[in-house]
Amino acid sequence: MESPSGEKRLDLDTSEKDLPVSIPDVESTTGNDATAVLRNERDIVTHIISVEDDPSLNPWTFRSFFIGIGLSAFGGVLAEIYYFKPQTVLVSTMFLAIISYVAGTAMEAFIPRWGWFRYLNPGPFNKKENAFIIIMASAAANSALGTEVLAVQRLFYNITPNGAASIFLLFSSQLLGYGIGGLMRPILLYPSKMLYPGVLPLVSMFDALYQNGTARHSDGNKKRLKLFYIAFFAIFIWEVLPEWMFPLLTGFSVFCLANQRSTDFTRVFGGSNGNEGLGLLSICFDWQYISGGANPFAIPLRAQFSNLIGYILCMVVFVAVYYNNIWESKNFPFLSQELFYENGTIYDQLLILNDKFEVDPTLLAQQGLPFYAGTWITYLLTSNLGMAATFTHLLLWNRNDLRAAWSWMNKGSIAQMLAEFDWRFWRADGKREVPPDGDLDPHYREMLKYPDAPNSWYGAILVSAFITAMVIIYKTDSTLPWWGFIVACLLAVVSTLFFGSLFAMTGLGFIIQPFVQMIGGFLHPGKPMANMYFVLFSYNSVSQAELLLRDLKIAQYTKLPPRAAFTAQIIGTLFGSFLNYIMMNSIIDNQREILLSVQGTNIWSGQQPQQYNSQAIAWGGLSHELFAHGKRYQWVAWAYVVGLFVPIPFWVIHRFFPKLRADYLYTPVIAYYIGWLCVGINSSITSYFAIAWFSQWFLRTRYPRWFAKYNYILGAALDGGTQVMVFILSFAVLGAAGKSHLFPQWWGANQKGNYDRCAVAT
């Protein structure tokens with residue numbers, strides 16, 4: 001679907017025939033008798049979630065802060081546990097919302113309202129209190145990338161940094177991205193097309209839990225709540241089986257059961273354990289992994305379609321690379337993030353570093369250059385391809401949106417900003433006027449009645465974090481020079497604009513770590529430690545900016561005043577970083593040997609610090625020796641150049657042959673996901689796509705009324721129930737607090753090998 005100017009709009013599905021199914025009980029953007037499926041962003045944000053607001057609802061209550069700080073502690077600990085899992089799993093905001101809802105309604109019911117108790121229980125628990133709580137907890141429930149730097153230093157360099165410096169490192173690196181993202185709110189937050197699909201189940205759940213803003217329910221909402229509770233408790237009980245008692249359900253593969261001796265079968269069909277195989281046609285019954293990266297009920301079909309194409313190409317390319325022995329792939333494990341000697345043994349990086357942790361050419365000559373697994377090189381190459389394609393794709397299809405990001409760069413706008421500038425940022429009143437723009441997002445229009453958290457507040461956060469980080473890089477002997485830190489910050493600003501746009505529109509986040517590591521490597525050759533810090537202040541800032549904007553979108557959808565959202569995010573971020581640090585040290589103390597092994601277990605894995613470390617050594621220490629023109633892995637770097645041209649043929653085809661619907665494809669998503677299966681548990685992919693297409697195609701087009709009322713609430717329930725049980729099991733039996741207690745050996749729990757019964761590859 002194109003606008004009159006020829007710009008592409010995010011049409012979630014205009015290629016499918018609209019079905020004349022009436023949706024009389026949901027608000028329509030075109031009238032009261034909507035008869036079509038939901039097709040674009042404006043339809044989604046007005047049909048799926050409520051636009052109404054009650055300004056009398058107060059988020060500034062004792063229970064908001066009490067529950068928010070408690071859940072921040074809970075989420076910060078859980079996020080760090082997940083960081084050391086074999087599959088990247090995020091702490092679900094639905095999970096946090098459910099717990100906060102239960103706690104809030106309990107405080108409402110049991111705390112008296114007379115005397116001074118009325119300050120503890122001012123009235124019915126409301127939607128804005130709940131939103132305040134989950135935004136605070138969500139900010140805490142992310143494993144700070146700074147802990148990855150600290151974990152690598154402990155695991156691979158035998159360095160334990162000073163505690164105070166470590167804490168301030170985490171604070172500054174987390175808040176730097178918040179400052180950048182906050183200043184980009186007009187481009188990446190306010191417009192309707194910046195949909196943030198991943199938050200729709202959460203906001204839909206809020207509309208079910210709260211009637212007129214408080215926990216009182218109409219008959220229609222009671223039906224949604226009934227579905228929610230049934231699904232929540234069903235998945236809560238079910239998860240005991242795949243997570244502990246019957247882990248074969250993590251990846252049920254007929255092919256593995258039929259041939260338990262072939263390592264070739266393991267590589268293609270296995271996937272129940274970390275770095276086992278591609279999981280082709282495996283069926284996963286563990287919702288933790290099915291919904292680990294993105295809830296399949298939430299991601300738009302268009303993004304799923306591009307994702308699926310990338311997934312199919314990934315299996316073809318990985319198998320071709322390995323069995324054709326490209327980059328000597330057969331010498332190394334099929335899936336791995338480690339560095340190896342040519343004979344396949346683990347590369348000892350300390351043997352090539354001097355006492356300043358810089359690469360020593362003499363020592364390097366003695367040890368030889370390290371190797372990567374062929375599939376990991378493929379991931380690096382295709383992710384770089386996707387990174388570069390993102391710039392061209394957005395410039396071709398969304399150039400008007402990006403142009404708005406630079407609209408302030410004219411003489412008049414700059415003069416006005418300087419005239420209005422007041423260094424006393426705390427005195428800003430935040431008052432805003434409603435512009436006469438008919439296309440203004442209806443949720444944003446409702447938010448304009450509240451005082452804003454002005455740009456000066458986010459600017460103050462940015463400046464404070466910048467100064468703190470500048471001091472820390474010298475106090476911690478990071479080897480990153482001041483100018484390298486500034487380049488990292490500038491890179492974060494540009495990347496946030498482009499990759500933040502793609503994340504907001506599709507719900508799919510790109511890991512741009514290899515992209516910034518390459519730049520850092522060529523800027524600071526021979527300095528792996530400097531590379532880690534360069535990535536921390538660039539890549540992590542982009543991630544933090546995206547998370548801030550996502551949570552601010554929750555605030556916009558729920559009408560939580562901007563200053564309340566700002567307060568919640570800052571408290572949650574600082575508190576969560578502190579807890580991340582404590583939990584990281586505890587897990588490393590108890591699980592060190594497992595974290596250093598290649599495959600790990602299905603409970604604990606060091607795959608994330610391993611890849612971060614190997615990337616720092618390869619890019620930071622050996623970028624010119626491994627990735628420069630004419631070197632072994634030169635095409636990893638050349639992929640950036642090639643990627644710039646990938647979207648152009650599709651754009652040309654659409655301009656001249658629009659009926660072919662080339663605009664339906666997200667070329668950066670396709671390119672990036674060609675390297676998708678390089679790590680972790682891959683048995684969930686078939687189940688993920690089956691559920692996603694059932695939801696976003698079958699239900700949305702055949703039963704649009706049911707889809708609008710129940711689809712997102714069902715996704716929220718499954719996420720919530722799963723993560724409550726995973727948290728309980730992590731501490732009860734899976735070793736989060738110390739020794740793990742695996743379920744006794746039986747056919748469905750093969751503790752001596754891969755759970756899907758595939759042969760263990762050597």
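Provided above is the structure to which this section pertains.
Along each chain, residues carry numbers from 1 onward, in the same order as the chain's sequence is written. Restriction of local features to residues with pLDDT of at least 70 applies here, the model being predicted, together with a cutoff of 80 or more for giving and counting side-chain atom pairs; totals for whole chains, interfaces and linings are based on all residues. The basis for every side-chain value is the complete set of heavy atoms in the structure, and neither hydrogens nor water enter the calculation.

## A closer look at the overall build of the chain
Helix and strand content of the chain: 30 helices and zero strands. Exposed residues in this analysis have more than 50% of their type's maximum accessible area, buried residues have under 20%, and partly exposed residues fall in between, with area computed by a 1.4 Å probe over protein chains only. Counting all 762 residues of the chain, 61% fall into the buried class. Whether two residues are in contact is decided by their heavy atoms, any of which lying within 4.5 Å being enough. Intrachain contacts of the chain at a sequence separation of at least 6 include 79% that bridge at least 24 residues. For the purposes of this entry, the term helix denotes a DSSP run of H or I that reaches at least four residues, the term strand denotes a run of E that reaches at least two, and both are numbered from the N terminus.

## Topic: the pattern of salt bridges
Opposite charge on two side chains allows them to pair when their charged atoms are near. What makes a salt bridge here is a side-chain nitrogen of Lys or Arg within 4 Å of a carboxyl oxygen of Asp or Glu, nothing more. Within the structure shown, the criterion is met by eleven salt bridges. Asp 207 is paired through a salt bridge with Lys 127; the nearest N and O atoms lie 3.1 Å apart. One end of the pair, Asp 207, is in helix 8 (residues 200-209); the other, Lys 127, is in helix 4 (residues 127-140), with 80 residues separating them in the sequence. Overall, Asp 207 belongs to the buried group, its relative accessible area being 12%. For Lys 127, a relative accessible area of 11% gives the class buried. The shortest N-O distance in the salt bridge between Lys 449 and Glu 446 comes to 2.9 Å. Judged by relative accessible area, which is 42%, Lys 449 ranks as partly exposed.

## Looking at the environment of Ile 681
As for its position among the elements, Ile 681 is in the loop between helix 28 (667-672) and helix 29 (685-702). On a C-alpha basis, the gap between Ile 681 and Thr 250 in space is 8.7 Å, while along the polypeptide they are 431 residues apart.

## Structural notes on the nonpolar core
Ranked by internal contacts, the top residues of the largest apolar core, which has 199 residues, are Phe 84, Met 205, Tyr 372, Phe 485, Ile 512 and Phe 537. Examining the composition of this core, we find that 16 residues originate from one element, helix 23 (residues 528-558), more than from any other. Nonpolar cores were defined as sets of buried Ala, Val, Leu, Ile, Met, Phe, Trp, Tyr and Cys residues, with membership established by side-chain atoms within 4.5 Å. Judged by nonpolar contacts, the second largest core, of five residues, contains Val 240, Leu 729, Val 733 and Leu 734.

## A few points about a nonpolar patch on the surface
Patch membership is restricted to residues that have no salt bridge and whose relative accessible area is over 30%. Joining uses 9 Å for like charges and 5 Å for the nonpolar side chains Val, Leu, Ile, Met, Phe, Trp and Tyr. Residue exposure ignores everything except the shown protein chains as possible cover, and the areas themselves are Shrake-Rupley values with a 1.4 Å probe. A contiguous nonpolar surface patch, about 1200 Å² in accessible area, is contributed by Trp 635, Trp 638, Val 641, Val 642, Leu 644, Phe 645, Ile 648, Val 652, Ile 653, Phe 656, Phe 657 and Leu 660. The set of elements that each furnish at least two residues to the nonpolar patch consists of helix 26 (634-643) and helix 27 (647-656). Structurally, Phe 656 is set in helix 27.

## Describing empty space enclosed by the protein
Buriedness for pockets is judged along seven lines, at least five of which must meet protein on both sides within 12 Å for an open set on the 1 Å grid over protein atoms alone, while cavities are sets there where a 1.4 Å probe fits but cannot get out, and lining residues have an atom within 4 Å of a point. Grid points are joined across faces, edges and corners, and a volume is the space filled by probe spheres set on the points. Across all of its chains, the model carries six cavities of 30 Å³ or more by this definition. Its volume calculated, the second largest cavity comes out at about 120 Å³. Within the residue set of the lining of the second largest cavity, elements represented by two or more residues are helix 19 (442-447) and helix 23. Looking at the lining of the second largest cavity, the element that brings in the most residues is helix 23, giving three residues. Each residue is assigned to one of three groups, with Ala, Val, Leu, Ile, Met, Phe, Trp, Tyr, Cys and Pro labelled nonpolar, Asp, Glu, Lys and Arg labelled charged, and all others, Gly among them, labelled polar. Residue composition of the lining of the second largest cavity, grouped by class: nine nonpolar, one polar and three charged.

## Focus: the state of the cysteines
Cysteine sulfur atoms that pair up within 2.5 Å are treated as a disulfide. As enumerated under the stated definition, the model contains one disulfide in all. A sulfur-sulfur distance of 1.7 Å marks the disulfide that ties Cys 256 to Cys 758. On the sign convention where negative means left-handed, the S-S torsion of about -65° between Cys 256 and Cys 758 marks this disulfide as left-handed. With Cys 256 in helix 11 (residues 254-258) and Cys 758 in the segment after helix 30 (704-732), this pair connects stretches of sequence that are 502 residues apart. The residues Cys 256 and Cys 758 share a single accessibility class, namely buried.

## As for the side chain of Gln 337
Tracing the backbone through its elements, the reader meets Gln 337 in the loop between helix 14 (301-323) and helix 15 (361-367). By relative accessible area, Gln 337 is classed as buried at 0%. Two N or O atoms count as a polar contact when they lie within 3.5 Å, although within protein this holds only if one can serve as hydrogen donor and the other as acceptor, and sequence-adjacent residues are included solely when both atoms are side-chain atoms. Side chain to side chain, Gln 337 and Asn 275 meet in a polar contact 3.3 Å long. In terms of polar contacts, Gln 337 uses its side chain to reach the backbone carbonyl oxygen of Cys 678, at 3.3 Å. Once you skip the residues sitting within four places of it in the chain, Gln 337 turns out to touch Asn 275, Tyr 372, Trp 376, Gln 607, Gln 610, Gln 611, Ser 614, Cys 678 and Val 679.

## Overview of the side chain of Ser 253
Along the chain, the position of Ser 253 falls in the loop between helix 10 (240-245) and helix 11. Given a relative accessible area of 0%, Ser 253 falls into the buried group. Discounting chain neighbours no more than four positions away, the residues touching Ser 253 are Phe 269 and Ser 282.

## Regarding the environment of Asp 551
The topology assignment puts Asp 551 in helix 23. Assessed through its relative accessible area of 1%, Asp 551 is described here as buried. Remark: the alpha-carbon pair of Asp 551 and Phe 566, spanning 15 residues in sequence, is separated by 9.8 Å. Leaving out residues up to four positions away in the same chain, Asp 551 has contacts with Ile 135, Ser 138, Ala 139 and Gln 569. Here Arg 550 takes part through its side chain, which lies 3.0 Å from a polar atom of the side chain of Asp 551.

## Structural notes on the packing of aromatic side chains
Between the rings of Phe, Tyr and Trp (Trp by its six-membered ring), a pair exists once the centres lie within 6.5 Å; its type follows the angle of the planes, with under 30 degrees stacked, over 60 edge-to-face, and the other angles tilted. Per the counting criterion, the structure on display carries 49 aromatic pairs. Grouping aromatic residues by their ring pairs yields a cluster made of Tyr 311, Tyr 672, Tyr 673, Trp 676, Tyr 688 and Phe 689. When the ring centre of Tyr 666 is taken as reference, the NZ or CZ atom of Arg 302 above it lies at 4.3 Å. Both a distance and an angle decide whether a charge sits over a ring: NZ of Lys or CZ of Arg must be within 6 Å of the ring centre and within 35 degrees of the ring normal. Here the guanidinium or amino end of Arg 632 rests over the ring plane of Phe 371, the centre of that ring lying 3.5 Å away.

## Examining the packing of helix 4 against helix 8
Where helix 4 contacts helix 8, the axes come no closer than 10 Å and their chain directions differ by 150°. When the interaxial angle is binned, helix 4 and helix 8 end up roughly antiparallel. Where helix 4 crosses over helix 8, the handedness of that crossing is right-handed. Judged by residue contacts, Lys 127, Asn 130, Ala 131 and Ile 134 of helix 4 engage Leu 202, Phe 206 and Asp 207 from helix 8. Taken together, the residues of the contact of helix 4 with helix 8 sort by class into four nonpolar, one polar and two charged. Only the stretch in contact is used when a helix axis is fitted, and all axes are lines through C-alpha atoms; the angle between N-to-C directions ranges over 0 to 180 degrees. Just so you know how the angles are binned, under 35 degrees is roughly parallel, over 145 roughly antiparallel, 65 to 115 roughly perpendicular, and the rest oblique. Here is the rule for handedness: rotate from the far helix to the near one, and if that takes an anticlockwise turn smaller than a right angle the crossing is left-handed, while a clockwise turn gives right-handed.

## Concerning unusual backbone geometry
We note that Thr 479 has phi near 70°; this positive angle belongs to a residue other than glycine. Along the chain, the position of Thr 479 falls in the loop between helix 20 (455-475) and helix 21 (482-506). Positive phi outside glycine occurs at Arg 661, with the angle close to 55°. Here Arg 661 shows up in the loop between helix 27 and helix 28.

## Side note on the packing of helix 16 (residues 374-397) against helix 26
Relative orientation of the contacting elements helix 16 and helix 26 amounts to 25°, with a least axis distance of 7 Å. Relative to helix 26, the element helix 16 is oriented roughly parallel. Along this stretch, helix 16 crosses helix 26, giving a crossing that reads as right-handed. Contacts between helix 16 and helix 26 involve Ile 377, Leu 380, Leu 381, Asn 384, Leu 385, Met 387, Ala 388 and Ala 389 from the former and Trp 635, Val 636, Ala 639, Tyr 640, Val 642 and Gly 643 from the latter. The residue makeup of the contact of helix 16 with helix 26, split by class, is twelve nonpolar, two polar and no charged.

## Section: the environment of Gly 720
Relative to the assigned elements, Gly 720 resides in helix 30. Residue Gly 720 is classed as buried on the basis of its relative accessible area of 0%. As a C-alpha pair, Gly 720 and Leu 96 span 624 residues in sequence and 7.7 Å in three-dimensional space. When sequence neighbours within four positions are dropped, the list of residues in contact with Gly 720 reads Phe 95, Ile 98 and Phe 232.

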